[in-house]
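Understanding the architecture of this molecule
Residues per chain are reported as follows:
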Amino acid sequence: MASAKSQVVSISKKIIKPSTPIPSSLRRHNLSFMDQLVSPAHNPLAFFYPKRTNSSYDQNHISQLLENSFAEVLTSYYPFAGTIKDNVFIDCDDRGAEFYNVRVNSSMSKILSHPNYHDATKLAYPQGLPWNTSYDGSLVVAQLTHFDCGGIAISICISHKVADAYCVIKFINDWAALTRDLGAKPSTQFDGTSFFPPTSDPSTLPNFEPENQECVTRLYHYSSSALGRLKAIAFAESGVENPTRVEVATALVHRCAAAASAKRNNNSGSFKPSLLCHIMGLRPPVPLNYIGNASCFFVSSAPTEDDMQMPQLVAQLRKAKHQLRDKLKNVPQNELFSQTLEVIKGGAELLAQLSNFDLYRCSSLCNFGLCILKECMYIKHSNLPLWQIIVPNNNTCRSFSKI
């Protein structure tokens, strides 16, 4: 198959500014401690919509609809259209956000069915932007890609400094709602410093970013029946009640990754202990409409081979998750920061103490509202269903099909 770059017919770029100027009283938005702590990488998400049989729509009309609603959603998410200053605050200067309009001479199915999913990400996103930590452009970058089959892809990349995964998906949901109805009123709350007071010297913050390493892309599909069998095994052998799809899928991948690591370990096949670091959102106790970063993490361990069995891994995940939830679920707002910071410091110390363990990092987009997007048609009257979502992860690519 031809390279992704050679399939691009045209690219246009616009700067979309909020539809309503930001008042001077909101010009400075202070970053919270959580915002200061995270990487500046642009978190990516792309949605692919195939053309329905016997349907027709005007590409220019779609572009205009999306641009208009993009300007509206930026008004509600006004810090997203600003400029970060010294990892301390955002100058809400109405700088705006980049909007790319791209046409390619390939069909969507040809791209998505190809084993090399990197081609899909290269066409769906501005080149080199996903997870870029040194991008000096806008905090939000959107792209509309038109395929020659009539299908389209809509992608968004948002700096982690202003949004975690939950907020990225909420932003997309609100953008979708405004595309259907410009009178929609997104509910947003930008008061992160009241939950997580910032530090006056961001240079002292710890660095949790993993070192750059060569990665390999793998795509795995779990059918409902397979997940059901894994849940039954986990319950029968560990006693964990109602294991979730995330727990059993994560445990299985952890087990397989550890087995691959052992095989690679000087070709001896000897076991190496490991840790799994899993991100967990803090909404609640933080309000659901809070925009910014609000997450913590828990760590489960597998120091012996016996601990590496899938049911035991599920039990470890459940225990670590519930310990964190129990610690934070009823914490008063004025104590949330200190309790969360205690967890972060404890996790960092554990990772330092067990530096000889393999470390696996995991997150999940389940229950964040992606299923709602199946029914949220971005394009009025176009009848385009959500077909596939692609999230590249550094040098890897995760794909969620027909959720």
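Up top is the structure.
What comes next is a walk through the structure.

Conventions adopted
Residues numbered from 1 in each chain as written. Predicted model: local features only at pLDDT ≥ 70, side-chain atom pairs only at ≥ 80, totals over all residues. Heavy atoms only, no water. Helix = DSSP H or I, 4+ residues; strand = E, 2+ residues; numbered from the N terminus. Buried < 20%, exposed > 50% of the residue type's maximum accessible area, 1.4 Å probe, protein only. Contact = heavy atoms within 4.5 Å. Areas by Shrake-Rupley, 256 points an atom, 1.4 Å probe, with all protein chains shown as cover. Salt bridge = Lys/Arg side-chain N within 4 Å of Asp/Glu carboxyl O. Expected span 1.5 Å × (residues − 1). Pairing = 2+ DSSP bridges. Axes fitted to C-alpha atoms, helices over the stretch in contact; angles between N-to-C directions. Polar contact = N/O pair within 3.5 Å; in protein donor to acceptor, adjacent residues only side chain to side chain. Core = buried A, V, L, I, M, F, W, Y, C linked by side-chain atoms within 4.5 Å. Disulfide = S-S within 2.5 Å. Phe/Tyr/Trp six-rings, centres within 6.5 Å; stacked < 30°, edge-to-face > 60°. Lys NZ or Arg CZ within 6 Å of the ring centre and 35° of its normal.

1. Structural notes on the overall build of the protein chain
Each helix and strand counted, the protein chain has ten helices and 13 strands in total. For the protein chain, buried positions account for 49% of its 403 residues. Considering only contacts within the protein chain whose residues lie at least 6 apart along the sequence, 79% involve residues at least 24 apart. In the form shown here, the protein chain has an accessible surface area of approximately 19600 Å², with 50% of it arising from carbon and sulfur atoms.

2. Some details on the pattern of salt bridges
Inspection of the entire model under this criterion finds ten salt bridges. One salt bridge connects Arg283 with Asp164, and the closest N-O pair in it is separated by 2.9 Å. Pair noted here: Arg283 is in the loop between strand 9 (274–281) and strand 10 (295–302) and Asp164 is in the loop between strand 8 (152–159) and helix 5 (165–180), with a separation of 119 residues, a long-range link. When sorted by exposure, Arg283 lands in the same class as Asp164, which is buried. In this structure, Arg318 and Glu247 form a salt bridge, with 2.7 Å as the shortest nitrogen-oxygen distance. With Arg318 in helix 9 (residues 310–328) and Glu247 in helix 8 (residues 245–264), this residue pair connects regions lying 71 residues apart in the sequence.

3. Topic: helix 2 (residues 59–76)
With 18 residues, helix 2 extends 26 Å between its outermost C-alpha atoms, agreeing within 8% with the 26 Å of an ideal straight helix rising 1.5 Å per residue. Within the span of helix 2, buried status applies to Ile62, Ser63, Leu65, Leu66, Glu67, Ser69, Phe70, Ala71, Val73, Leu74 and Ser76. Packing partners of the buried residues in helix 2 comprise strand 1 (8–16), strand 6 (97–104), strand 7 (140–146), strand 8 and helix 5.

4. Points about the sheet that holds strand 4 (residues 83–85)
An order of 2-5-4 is seen for the three strands of this open sheet, with the pairing classed as antiparallel. Each edge of the open sheet is held by one strand with a lone partner, namely strand 2 (28–30) and strand 4. On average, each strand axis in the sheet is tilted by 30° relative to the strand beside it, whichever way the strands run. As judged from the three bridges shared by strand 4 and strand 5 (residues 89–91), these two strands associate in the antiparallel manner. Opposite Lys85, over in strand 5, you have Phe89 as the bridge partner.

5. Here we look at the environment of Tyr135
Within the element layout of this structure, Tyr135 appears in the loop between helix 4 (118–124) and strand 7. Look at Tyr135 and you get partly exposed, because its relative accessible area is 27%. Between the C-alpha atoms of Tyr135 and Ala41, which are 94 residues apart in sequence, the distance is 8.0 Å. Filtering out sequence-adjacent residues up to four positions away, Tyr135 remains in contact with His42, Glu98, Tyr100, Leu129 and Val141. There is a polar contact of 2.5 Å between the side chain of Tyr135 and the side chain of Glu98.

6. Let's talk about the nonpolar core
One finds Phe196, Leu282, Val286, Val314 and Leu324 to be the most contacted residues of the largest nonpolar core, which totals 42 residues. Every element with two or more residues in this core is listed here: helix 1 (33–37), helix 7 (224–238), helix 8, strand 9, strand 10, helix 9, helix 10 (333–353) and strand 11 (358–362). In terms of residues, this core owes the most to one element, helix 9, which gives seven residues. For Val286, the residues in contact, after removing those within four places along its chain, are Phe195, Phe196, Ala294 and Leu336. Core analysis: the next-biggest nonpolar cluster, separate from the first, contains 41 residues, Ile62, Ala142, Ile156 and Phe190 among them.

7. Here's the deal with the state of the cysteines
Scanning all chains against the criterion turns up zero disulfides. You can see Cys277 has no disulfide; the closest cysteine sulfur is in Cys296, sitting 9.1 Å from it. Residue Cys277 is classed as buried on the basis of its relative accessible area, which comes to 8%.

8. Quick word on the packing of aromatic side chains
Overall, the coordinates contain 14 aromatic pairs when judged by the stated rule. Aromatic pair Phe48 and Phe147: ring centres 6.1 Å apart, planes at 35°, arrangement tilted. Taken as a pair, Phe48 in strand 3 (residues 42–49) and Phe147 in the loop between strand 7 and strand 8 lie far apart in primary sequence, 99 residues in all. In this structure Phe48 comes out as buried when scored by relative accessible area, which is 1%. Across the ring face of Phe89, the terminal group of Arg28 is positioned such that the distance to the ring centre comes to 3.9 Å.

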